[in-house]
Amino acid sequence: MEYAILNGELIERKDAKVDIEDRGYQFGDGVYEVIRVYNGKMFTAEEHLNRLSESCEKIGLNPGFTKEELKTKLEQLIGKNKIGFGTVYLQYSRGISPRNHAFPGSEVPAAFVAYTREAARPEENMKSGIKAILTEDIRWLRCDIKSLNLLGNLLAKQKAAQSGCFEAIQHRGHTVTEGSSSNIFIVSGDKLVTHPADHFILNGISRQKVLEISHENDIPFEEKAFTIDELLGADEIFISSTTAEVMPVIGIDGSPVKNGKPGELTQKLQGLFLEKIEKECGSIQTGALNS
Ligand SMILES: *Cc1c(COP(=O)(O)O)cnc(C)c1O
């Protein structure tokens, strides 16, 4: 039997249905997280749950559960569903209430939902690298909130998919911001550069891990906006996200990045990222199916 969490209750997944007047469904009025599971353990759960609290706070949503309560519930869910390698999706919406743009009163509780999915690490793409397109960033000005409102991101990702690409690299004018569901790093000389964590990007937990790893290993880095020209002239490019980890970008808009192969520093960071995972979740067999 597969389970999901609906408003804090562990129930059978097929019974987990939402009301048509759930504000997440009608307005995208809510926030979410995706947490990676390795060896049945959540990776960087603390960081994700902290960011979820921050997202809630930024939109004035009063979460029904503490971080500790959520962590325990998610652990139960992962255990019940026997997830070895996969993801947990969790979201808060601003509850169920007659449709009205203004927020409902405080008597309406936030609605919490979580479910799991099995997924192997994307080893093939991590090894060979992925292709991307460039597209104008048409999203709103609070991209720092992990909002359920993802239309801008979806339109970008669909454009990439239609070009046979894995990701869309978004830019505001000449400035590169982030991917549709990932952060972007370039390697320029021996230095790593990524957009600063301001309102124009979602500050990825994987992004923060890469910066932490760089700091610990004396790899020079800078959080600084860079241009499309700097991107296209970069020695290496990679994206980071919970599901993609550190993923080399080997082509943009049909042209190869340098020699069209994953870069050296990118590969080094992949190895160091895996070490972080293993430190938290135990050793991982690579090259196997992982689930
Ligand atoms: C979730 C997300 C990311 C990556 O964040 P991680 O915490 O590393 O998974 C980057 N950009 C956007 C727009 C996202 O929604």
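Residues numbered from 1 in each chain as written. Predicted model: local features only at pLDDT ≥ 70, side-chain atom pairs only at ≥ 80, totals over all residues. Heavy atoms only, no water.

**Some words on the pairing of strand β10 (residues 183-188)**
The two faces of a sheet get side chains in turn, since along a regular strand they alternate between them.
Phase 1 of the analysis: Of all six residues making up β10, five are buried, and the element is well covered by its neighbours.
Phase 2 of the analysis: Hairpin connection between β10 and strand β11 (residues 191-194): a loop of two residues separates the two successive antiparallel strands, and G189 in this loop has a positive phi of roughly 70 degrees. (Buried < 20%, exposed > 50% of the residue type's maximum accessible area, 1.4 Å probe, protein only. Helix = DSSP H or I, 4+ residues; strand = E, 2+ residues; numbered from the N terminus. Pairing = 2+ DSSP bridges.)

**With respect to a nonpolar patch on the surface**
Phase 1 of the analysis: Side chains of I138, L151, L154 and L155 sit close together on the surface and give an oily, nonpolar patch of about 440 Å² of accessible area.
Phase 2 of the analysis: Within the element layout of this structure, L151 appears in helix α5 (residues 151-162).
Phase 3 of the analysis: When its relative accessible area of 60% is taken as the criterion, L151 is described as exposed. (Patch = residues over 30% accessible without salt bridge, like charges linked within 9 Å, V, L, I, M, F, W, Y side chains within 5 Å. Areas by Shrake-Rupley, 256 points an atom, 1.4 Å probe, with all protein chains shown as cover. Salt bridge = Lys/Arg side-chain N within 4 Å of Asp/Glu carboxyl O.)

**A look at helix α2 (residues 45-58)**
The α-helix winds at 3.6 residues per turn, so residues separated by three or four positions along the chain end up facing the same way.
Phase 1 of the analysis: Taking 1.5 Å per residue, 14 residues should reach 20 Å; α2 reaches 20 Å between its end C-alpha atoms and fits that length.
Phase 2 of the analysis: In this structure, the buried side of α2 is in contact with β3 (30-38), β4 (41-42), α3 (67-80), β5 (86-93), α6 (205-216) and α8 (264-281).
Phase 3 of the analysis: Looking one or two residues beyond α2, the residue adopting positive phi is G60, at roughly 65 degrees. (Expected span 1.5 Å × (residues − 1). Contact = heavy atoms within 4.5 Å.)

**Quick notes on the site of the ligand**
Phase 1 of the analysis: Within the structure, the ligand sits among 17 residues, and K146, E178, I205, S206 and T242 are positioned closest to it.
Phase 2 of the analysis: Within the side chain of R51, a nitrogen or oxygen atom sits 3.0 Å from an oxygen atom of the ligand.
Phase 3 of the analysis: Separating an oxygen atom of the ligand from a side-chain N or O atom of T242 is a distance of 2.6 Å.
Phase 4 of the analysis: Elements supplying a minimum of two residues to the shell around the ligand: α2 and α6.
Phase 5 of the analysis: Among the residues making up the shell around the ligand, the classes are represented as three nonpolar, ten polar and four charged.
Phase 6 of the analysis: Mapped onto the domain boundaries, the shell around the ligand takes at least three residues apiece from domain 1 (3-118) and domain 2 (123-281). (Near = heavy atom within 4 Å. Polar contact = N/O pair within 3.5 Å; in protein donor to acceptor, adjacent residues only side chain to side chain. Nonpolar A, V, L, I, M, F, W, Y, C, P; charged D, E, K, R; others polar. Domains from an automatic or database assignment.)

**Regarding the domain arrangement of the protein**
Phase 1 of the analysis: Each assigned domain of the protein is listed with its residue range as follows: domain 1 (3-118) and domain 2 (123-281).
Phase 2 of the analysis: Taking the mean C-alpha position of each, domain 1 and domain 2 sit 26 Å from one another.
Phase 3 of the analysis: Listed as interface residues are 28 residues of domain 1 and, on the opposing side, 21 residues of domain 2.
Phase 4 of the analysis: For the domain 1 and domain 2 pair, buried surface summed over both sides reaches about 2,000 Å², with 61% attributable to carbon and sulfur atoms.
Phase 5 of the analysis: The salt bridge partner of D144 is K58, with a shortest N-O separation of 3.0 Å.
Phase 6 of the analysis: Applying the counting criterion to the domain 1 and domain 2 interface returns ten residue pairs in polar contact (both at pLDDT 80 or more).
Phase 7 of the analysis: When residues of the side of domain 1 that touches domain 2 are traced back to their parent elements, those giving at least two are α1 (23-27), β3, β4, α2 and β5.
Phase 8 of the analysis: At eight residues, the largest contribution of residues to the side of domain 1 that touches domain 2 is made by β3.
Phase 9 of the analysis: Taken together, the residues of the side of domain 1 that touches domain 2 break down into twelve nonpolar, nine polar and seven charged. (Buried area = accessible area lost by both parts, 1.4 Å probe.)

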